[in-house]
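Residue-level structure breakdown
One-letter residues, chain by chain:
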Amino acid sequence: MTAPPREDDMTSDDPTALADSLADASPAPRTRPHNTDRLFLRALPFYARHGVYDAERELGQRFIIDVDCWLDTRPAAWADDASLTVSYQGIYEQVAAVVADDPVHLIETLAERIATRLLDHFDMVEQVRVVVHKPGAPVTGVFGDVGIEIVRTR
């Protein structure tokens, strides 16, 4: 393979020379397929005892969880077969199990545990996005939302 010509070597009477020289260059191979199908659950409400402060851990508070799972849903769609995809119920149950588990200080830790559990339990899922909203966060001042959003990939 020859090196592509430099731009200053190109002449206006040969407009295809650059395109022809670049045609020999092959793109870098992808290491994994890019899955664009996204299964999601929104605004899952939970009551739990996570937090840094003793009062948060004693009294508990609401947490709202959003989850996105990227996977290839074509096999399930083509076969119209639920066993070839991930169950919404299954995702909900895994999230609920993590939220109900031992209290943690940080919602970052909670989000990380949810993401890890989903990737561990659902082999088809290539990437997850977890958002933990903490509507009762101990913040002085007026706010619309407080939370953490993480994305994890296999």
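Worth saying up front: this structure is predicted, and the values here are computed from it rather than measured.

**What about the overall build of the chain?**
Counting secondary structure elements, the chain contains five helices and four strands. Expressed as a percentage of its 154 residues, the buried residues of the chain come to 32%. Long-range contacts, defined here as pairs at least 24 residues apart, represent 62% of the contacts in the chain between residues at least 6 apart. Counting only carbon and sulfur atoms, one obtains 53% of the accessible surface of the chain, whose full area is about 10100 Å².

**Some points on helix α4 (residues 88–100)**
An ideal rise of 1.5 Å per residue puts 18 Å on 13 residues; α4 measures up with 18 Å between its terminal C-alpha atoms. Next to the buried residues of α4 lie β1 (38–48), β2 (61–70) and α5 (107–121). The N-cap of α4, judged by a side-chain oxygen 3.1 Å from the amide nitrogen of Gln89 a few residues on, is Ser87.

**So, the nonpolar core**
Within the largest apolar cluster, 29 residues are counted, with the highest numbers of intra-cluster contacts made by Ile65, Ile91, Val95, Ile114 and Leu118. Excluding anything up to four places from it in sequence, Ile65 contacts Leu41, Arg42, Ala43, Leu44, Phe46, Val95, Val99, Ile114, Val130, Val131 and Val132.

**What to know about the sheet that holds β2**
Pairing between sheet strands relies on hydrogen bonds along the backbone, with the strands arranged either parallel or antiparallel. The strand order across the open sheet built from four strands is β1-β2-β3-β4, with neighbouring strands paired in antiparallel fashion. Looking at the sheet topology across the chains shown, the edges are occupied by β1 and β4 (147–153). Put simply, the sheet's adjacent strands are angled 15° from each other on average, direction ignored. Strand direction decides the pairing type here: strand β3 (residues 127–133) and β4, joined by seven bridges, are antiparallel. In the strand pairing of β4, Val128 is matched with Arg152. Against the sheet, α4 makes contact with β1 and β2, and its axis sits at roughly 35° relative to β1, the strand it touches most. In the packing of α5 onto the sheet, contacts are made with β2, β3 and β4, and the angle to β4 comes to roughly 30°.

**So, α5**
A rise of 1.5 Å per residue sets the reference length of α5, with its 15 residues, at 21 Å; its end C-alpha atoms lie 21 Å apart and thus fit the reference within 8%. Those residues of α5 that sit buried are Ile107, Leu110, Ala111, Ile114, Ala115, Leu118 and Leu119. Looking straight down α5, one finds that the buried residues subtend no more than 160° of arc, so they occupy a single side.

**Examining a nonpolar patch on the surface**
A cluster of nonpolar side chains, Val52, Tyr53 and Leu106, forms an exposed patch at the surface whose accessible area comes to about 290 Å². For Leu106, a relative accessible area of 41% corresponds to the partly exposed category.

Cut-offs applied
- Residues numbered from 1 in each chain as written.
- Predicted model: local features only at pLDDT ≥ 70, side-chain atom pairs only at ≥ 80, totals over all residues.
- Heavy atoms only, no water.
- Helix = DSSP H or I, 4+ residues; strand = E, 2+ residues; numbered from the N terminus.
- Buried < 20%, exposed > 50% of the residue type's maximum accessible area, 1.4 Å probe, protein only.
- Contact = heavy atoms within 4.5 Å.
- Areas by Shrake-Rupley, 256 points an atom, 1.4 Å probe, with all protein chains shown as cover.
- Expected span 1.5 Å × (residues − 1).
- Polar contact = N/O pair within 3.5 Å; in protein donor to acceptor, adjacent residues only side chain to side chain.
- Core = buried A, V, L, I, M, F, W, Y, C linked by side-chain atoms within 4.5 Å.
- Pairing = 2+ DSSP bridges.
- Axes fitted to C-alpha atoms, helices over the stretch in contact; angles between N-to-C directions.
- Arc of directions from axis to C-beta.
- Patch = residues over 30% accessible without salt bridge, like charges linked within 9 Å, V, L, I, M, F, W, Y side chains within 5 Å.
- Salt bridge = Lys/Arg side-chain N within 4 Å of Asp/Glu carboxyl O.

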